Structures are given as C-alpha cells and as structure tokens.
Protein chains: 2
Amino acid sequence: MPANETAPTLDDVARMAGVSTATVSRCLNDPDKLTKDTRMRVLAAIDKLGYTPNFAARSMAAKRTFTIGAIIPTMENAIFARGLQAFQEELDRRGYTLLVSSTAYKTDAEEKQIRNLVARGADGLLVIGHDRDPAIYDYLKQQRVPVLVTWSYDKAEATPSIGFDNRAAMRVFAEKVLALGHRRIGMISSTSAQNDRARMRIAGVRDAMETHGLEPDTLDLIEVPYTFDDGADAFITLMRRNPETTIVLCGSDVLAVGAIRGARLMGLRVPDDVSITGFDDIELAQVTSPELTTVHVPHHTMGQMAAAELVAMIEEKREGVSQKLATTIVERGSVAAITKTKTGG
Amino acid sequence: MPANETAPTLDDVARMAGVSTATVSRCLNDPDKLTKDTRMRVLAAIDKLGYTPNFAARSMAAKRTFTIGAIIPTMENAIFARGLQAFQEELDRRGYTLLVSSTAYKTDAEEKQIRNLVARGADGLLVIGHDRDPAIYDYLKQQRVPVLVTWSYDKAEATPSIGFDNRAAMRVFAEKVLALGHRRIGMISSTSAQNDRARMRIAGVRDAMETHGLEPDTLDLIEVPYTFDDGADAFITLMRRNPETTIVLCGSDVLAVGAIRGARLMGLRVPDDVSITGFDDIELAQVTSPELTTVHVPHHTMGQMAAAELVAMIEEKREGVSQKLATTIVERGSVAAITKTKTGG
DNA sequence: ATTCGAAATGTAAACGCTTACAAATGCAAT
DNA sequence: ATTGCATTTGTAAGCGTTTACATTTCGAAT
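It is not clear to me how the interface of chain A and chain B should be interpreted in this structure. Could you clarify?
The figure often quoted for interface size is the accessible area lost as the parts come together. In this assembly, 37 residues from chain A lie in contact with 37 residues from chain B. Where the side of chain A that touches chain B is concerned, the elements lending two or more residues are helix 4 (55–62), helix 5 (81–93), strand 2 (97–102), helix 6 (107–119), helix 7 (134–142) and helix 11 (253–266) of chain A. The biggest single contributor to the side of chain A that touches chain B is helix 4 of chain A, with 5 residues. In the side of chain A that touches chain B, the residues fall into 17 nonpolar, 14 polar and 6 charged.

I would appreciate a short explanation of the packing of helix 1 (residues 10–17) of chain B against helix 3 (residues 36–49) of chain B in the present structure.
Helix packing geometry: the angle between the two helix axes and the distance between the axes. All names here are of chain B. Packing of helix 1 against helix 3 brings their axes to within 9 Å, and their N-to-C directions diverge by 125°. Our classification of the angle between helix 1 and helix 3 gives oblique. For the crossing formed where helix 1 meets helix 3, the hand is right-handed. Residues Asp12, Val13, Met16 and Ala17 of helix 1 pack against Arg41, Val42, Ala45, Ile46, Lys48 and Leu49 of helix 3. A class-by-class count of the residues in the contact of helix 1 with helix 3 yields 7 nonpolar, no polar and 3 charged.

Would you explain the domain arrangement of chain A in this entry?
Assigned domains of chain A: these are domain 1 (10–53), domain 2 (66–164 + 298–325) and domain 3 (166–297 + 330–344). The C-alpha-based centres of domain 1 of chain A and domain 2 of chain A are spaced at 35 Å.

Please clarify how the relation of the copies chain A and chain B should be interpreted in this entry.
One copy of the chain maps onto the second through a rotation around an axis plus a translation along that axis. Of the transformation superimposing chain A on chain B, the axial component is 0.0 Å and the angular component is 180°, with the fit at an RMSD of 0.0 Å. Overall, the copies show the geometry of a two-fold rotation axis. Across chain A, the rotation axis passes nearest the C-alpha of Ala56 of chain A, at a separation of 2.2 Å. Here 100% of the contact residues of chain A are again contact residues in chain B; the copies associate through an equivalent surface.

I would appreciate a short explanation of the packing of helix 10 (residues 228–241) of chain B against helix 11 (residues 253–266) of chain B in the present structure.
Residues and elements named next belong to chain B. Where helix 10 meets helix 11, the closest approach of the two axes is 6 Å, and the angle between their N-to-C directions is 55°. As the angle between them shows, helix 10 and helix 11 are arranged oblique. Here helix 10 runs over helix 11; the crossing is right-handed. Across from Phe228, Asp229, Asp230, Gly231, Ala232, Asp233, Phe235, Ile236 and Met239 in helix 10, the residues of helix 11 making contact are Val254, Leu255, Ala256, Val257, Gly258, Ala259, Arg261, Gly262, Ala263, Leu265 and Met266.

Would you explain the protein's contact with DNA strand D in this entry?
Neighbouring DNA strand D are 26 residues; Ala22 of chain A together with Leu10, Ser25, Ala57 and Ala61 of chain B lie closest to it. Examining the composition of the surface near DNA strand D, we find that 6 residues originate from one element, helix 2 (residues 21–29) of chain B, more than from any other. Partitioning the surface near DNA strand D into residue classes produces 13 nonpolar, 10 polar and 3 charged.

Got a minute to help me understand helix 1 of chain B in this structure?
Turn by turn, an α-helix covers 3.6 residues, leaving residues three or four places apart pointing in a common direction. Residue and element names in this part refer to chain B. Within helix 1, the full set of buried residues consists of Leu10, Val13 and Ala17. Down the axis of helix 1, the smallest arc covering the buried residues is 65°, so these residues share one side. Lining the buried residues of helix 1 we find helix 2 and helix 3. The positive-phi residue at the C-terminal boundary of helix 1 is Gly18, with phi of around 70°.

Please clarify how the sheet that holds strand 8 (residues 247–250) of chain B should be interpreted in this entry.
Residue and element names in this part refer to chain B. Read from one edge of the open sheet, 4 strands run 7-6-8-9, paired in parallel fashion. Every other strand in the sheet has two partners, leaving strand 7 (220–224) and strand 9 (275–277) as the edge strands with one partner each. Direction aside, neighbouring strands of the sheet carry axes that sit 15° apart on average. Here 3 bridges tie strand 8 to strand 9, and the two strands are oriented parallel to one another. If you follow Val248 over to strand 9, its bridge partner there is Ile276. Lying over the sheet, helix 10 contacts strand 6 (185–190), strand 7 and strand 8, oriented at roughly 155° with respect to strand 7.

Is there a simple way to explain the sheet that holds strand 5 (residues 161–163) of chain A in this structure?
Residue and element names in this part refer to chain A. Here we have 6 strands laid out as an open sheet, ordered 2-1-3-4-5-11, and parallel in their pairing. In this open sheet, the two strands that pair with only one neighbour each are strand 2 and strand 11 (323–324). Two elements, strand 3 (residues 124–128) and strand 4 (residues 147–150), share 4 bridges in a ladder whose sense is parallel. From the neighbouring strand, Leu126 faces strand 4, where its bridge partner is Leu148.

The rules we used
Residues numbered from 1 in each chain as written. Chains lettered and ligands numbered in written order. Predicted model: local features only at pLDDT ≥ 70, side-chain atom pairs only at ≥ 80, totals over all residues. Contact = placed C-beta atoms within 7 Å. Helix = DSSP H or I, 4+ residues; strand = E, 2+ residues; numbered from the N terminus. Nonpolar A, V, L, I, M, F, W, Y, C, P; charged D, E, K, R; others polar. Axes fitted to C-alpha atoms, helices over the stretch in contact; angles between N-to-C directions. Parallel < 35°, antiparallel > 145°, perpendicular 65-115°, else oblique. Left-handed = near helix turned anticlockwise from the far one by under 90°. Domains from an automatic or database assignment. Least-squares fit on C-alpha atoms with pLDDT ≥ 70 in both. Near = placed C-beta within 6 Å. Buried ≥ 20, exposed ≤ 12 C-beta atoms within 10 Å, placed from the backbone. Arc of directions from axis to C-beta. Pairing = 2+ DSSP bridges.

The following block contains the structure:
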C-alpha cells in the first residue's frame, strides 16, 4: 500500500526504471527512439506507479498544448452540438483535445473567454460567426493564435471561415416558400446585433421579397433571444399585430419550434392557418407536429472540415483557407400554399 | 509598433514597471499588498504590453488551477445543459473555471477523459451518477482529487452525491399515473448497464407496479441509446409486440418525445389511444403536442448546490456531504385515464 | 534624532516537464 | 583489435509563474 503523499512524477518513473528523465520523456513522446527493452522497463514503471504526465509542466516545456478552444454562443440547445461533436471527433483523431466555452449569448463575455483560452495555451481557436470587436482579432494576432470562423462563410472577411453563406441560403429558401403565394410575411430572428448569421438571414429574406416584387420594408420582423419561449411569445406578438400574416420565417429551428407552440396556444393550425419555417435542421425539427420545413446545414461536414483546417493552420503555420459549404432545403409539413379562402381572409 | 516575437511575460511587465517579478505577481493575486502607486504602475505596464498570465506556469508554481472538470454523458441534448449552466455560473462566482468533457455515452471513454482532466490539474471533478469502474475511484483517491456525483443521490455509496433519488421519484410518479387504471405497461429506458439512473428509474416503475398489485415482471421494457429516433423506434417496436399497451413510461423526456413521434407515425393519438410520460422536465417537454406529463428535476438548484459543495470540498479539504433534492410531478397533457371503451379494446 | 515594528518590496528556489547537446554504446567494416 | 558512424541514453538548461524568506522603507512613538 504505497500511500504516497503526492502524485508520481517523471523523476519517480525514471528512478524506478533506472533511466534518466529524458528517456522517460522520450518513451512518452517518441517511443521509437528507445530500445524495446528500455521501453518495456519504463512502461512497466509508469504502470506500476500509476503515473500521469503533468499537463502544465509539459505544455510549459514544449510550448504546445495540443489543445484547441471553441467558443460557442450556447450549450442550451442542440444547434451547435452536432457540429461541435464532429469537430471534437476529428480533433481527437489528430491528437488534439477540445476545450469548449459558452458565452450564453453575452457578447461581452466572449473576450474574457477567449483570453482565458489563450492563457491556457490553446494552440488554436474556433469561433462562431465573424462579428466581434476588432480588438479581439488584434489580440489574437498579437498572440499568434490561429483562429477559424465557422457557421458562416464570407470571403470578404479577413479571418478565414468554413461555413455557409447564410444570406444566400436564406434567400433561396425564402424564394421557394414565398413562391407559394404568400404576401404577408413575418419573421422571427434571434438578436442580430453582433450576430452576422442572424443579420444575413434577415437580409436573405428581404432579398427574396424583392425577387417576388414585395417591398422589403414590409417584412414584419421581431428579434428576440434564443429560447422556445421567446419563439412562442414572438409568434403571438406578431400574429396579434398583424393577423393577416400567412407565413412566419424563423431564423432558427429553435425559434420555429417555439412559434409552432405559440400557434397551438393561439388555436391556429399549422400550416392550414399559418405556415412556419425554421433554419438549421436539428433533430428537433422532426419532433414537432407538423414537422418543420427548414434549411439543412451540413453540421457534420462543417465540424470535420473546420477541425482539419485549423490543425493544418497550426501545424503548417500557414493562413487558413476559407471554404463555402452548401445547404439544402428540407420540405416537411409546416408550409402550405396560399389558397383562395385564405387570401380572401 | 512593438512587433514582439513572443508574448510578454511577467518579467517584461516587471522590467517595464521597474519592480520585481514578485511584485507583479502580487499585483495579480493579492493587490492589497501593494502601494497604490506601485499597483498603478504595474497595471499600466500590464495594460500597455497586453500581458496575460501564462496558465501553465501559474498552475505549476501554485499547484492550483482553479479549474473544475465535469464529465457528462452527452452534449447532444439539453438534459445536462441546464444543470451544467447553473454549475458553471456558481463556479464563476467563486472564481473557478469549468472544463466540460463529454463521453458520448461511451463508458470506456470516461476513464480516459477523467485522466485527462486530472492531468490538466482539475482541482475537483463532477460526474454524473455513481456507476463506474471502481478502478476510477481508486485512481482519483490516489491522486487526491475530490469527486462529487450528481443527478443521483444514494447515501449507500461511498462517493458523496448531490441529486435526487431516481428510484423513489419514478416510483411515486408511476404510482400516480398507474392509479388512472392502466394495467398494460410499457417502458422505454436508455441502456441501464453502467447507468444507475436508468436502472433506478426502471426499479421505481416495478415498485409502483407492485403497489398496484401488478406483477413487476410483466413490465414490457425496452432499452435503447439516447436519441429521438431511438425513442420513436422503441415505441413502435413496443406497440407492435404488445398492441394492448395503454401507457408507455419513458426514462427521459428525450425518449418520450421520440415516443410521441413514433405514435404519430403509427397514427396513434396521445393520450387517447396511448399515454406517454417523460422524466427530467427539460424545455422540450413543452414543445410537443400534447405537452409531456413528466417528473420535474431541479436542475438549477442541483447545479448550484453541487458547485458550492465541490468548492467547499476543495478549499476546506474535507469530505463531501451528500444531499437529496426533491423532484415534483408535472401534469400536462400526455396521460389519460383508462376508459371503458379502451379497457374493452 | 532615534528606534522599532509593520508594511512593502526584492531574491531566488522550486514546480515537472522537454530538448539541445554531450557522452556512451553497439555494430559493421577494416 | 581498431575505427567510425549511427543509435541510444544521459546531462542540464530552460519554460513563466508563485512564495518563503530576506531586505528595505516608512511612519509613529520615543
């Protein structure tokens, strides 16, 4: 019963195996450099002592942490879960660990979190969307920490991004559903300040309205935070102040699910009385009744590609290259065409 | 344009402020010890250089990281999100940072993650449920890392826990809904191996059956992983092999939402044709139609209390003390009483 | 003016690794 | 046996903090 007072160190292992600390270190980081015999001896000692390398010491000496940080707006819903999962898996495969931090949509919390991650030695950072204080980008550049933006693609931005064109995706989608004859349009978006994804999706809807000969300013828009309840409340507000609305486009599935609930609360049938759409295509989109017509985002591919690119940026010490991913439209049951009856109402 | 090649260190700050490194360190950790004048000088230098303390160096020297690790089974759904959010907020308030790691329900991944968190110097660990390889507990004891179990309460276990009695909660709930006259009972649970929460909830249902004079073995149980689809599939399987089932109790809201979807797919009305219940009371429970009758878990309080207790264990170097939290029953629309018509079916 | 204790600051030794460089070892060719 | 080169191993200097201990400074009390 070796009731050691403290955790074993490299030194302890070296002593027990009868080798130098350098050899133990090599055994951990570059096993091929050792004789099979010494390697076995060291491994045995490690095992016997239950040794785990001290991360802080290691990263201080090596000036590398093999850690990548990701800052996401929220963990509360599944929006980022899928993509992040894929990101993590790919990182794992490449020998990196992911550190996740959530800002709970408080933009001012982001800077603090980024500094924290950098102080912890993150070799690279993944962030969502382009919008943030330029000072943050300056800081990151000064610290020489590679950053990759995701969930957004914008070649005009200086920071490399792997994502999709939120504006175009929403435009194409909106054009398609509006072609069903809708003239009175409402939209529920999450707060667009400091959120290019939200902003671009709104712009996409306005683009589509123009295509259909509608005045973009007539879009009845309401911006709210990011929960089901917000979606439900916003929907009710929208329908009260504009009862002749025939379709409500939501900036995300979460909001759309809330909107469907709002419709149920008001005794409105979807899509018979009003059509509702989402964006993201998370699992949730299939549990409502009716199921959501929405825009499918390639979460998995996006996460995977982001991991590959960020690791490449780190290891090859090169600038990141942006890539645009395609979104697709998923038609389920929440959208209907305008019928005579309805237009008359 | 001081295009420094490398990030500024304590030394740089000290030099610029004309003080020793010890003083700069004090300025960061114990500002009151300094003259207002020197403090200002140091702060100015820190600001000017854009200095951020190096976390690895700090934690190596201080042998403290002010970091707490949490290992959760999944980030994919909101089950743990609320509690973890509260946990994080409380930790923040006390000056600690949270590192989250998800096992994706792969129990063998947990040990690796725990070792990783320990190697990273986590001052304490939060884990979900009691079930895990005893070797893990041994390792943690040897490393002297405090552990707190949550989402489960069991005074019989050696590891302190802050949570609720899964078995009793499910028993009380099941007794209540079964009192409505149900005799043919199905249950969908997530895999119970290595998952005391699932196991206890199943036991709770069996307890309730006995109370109602039903043979516990007649419970038609099906265990699946943890997604909506699993819930839907399980429900369909269950109803096919046992069409006269009148109520399906689910081990979690996620599964229940899946089950509701399964019912819709089969053309069954809830609760008219079959009743369905959940467990957890996450937001999701209110977006389905009908809304879920479920067991409310005090996520927020649980997370908050867990944070307070774990920090106390660390700072006061004492054993943790377990606490049992109460759950409540939330009746919404997914359960109906058995009518003559139905019993005749 | 001195003295003394408290408060502020400085000095330097850890902390547990990695890695450049030096030394030792092994093996093949002579 | 010797030599030379490649391979394996060892030595020791950092890495950027914190903190015990030593020293200096300051102000109040004499």
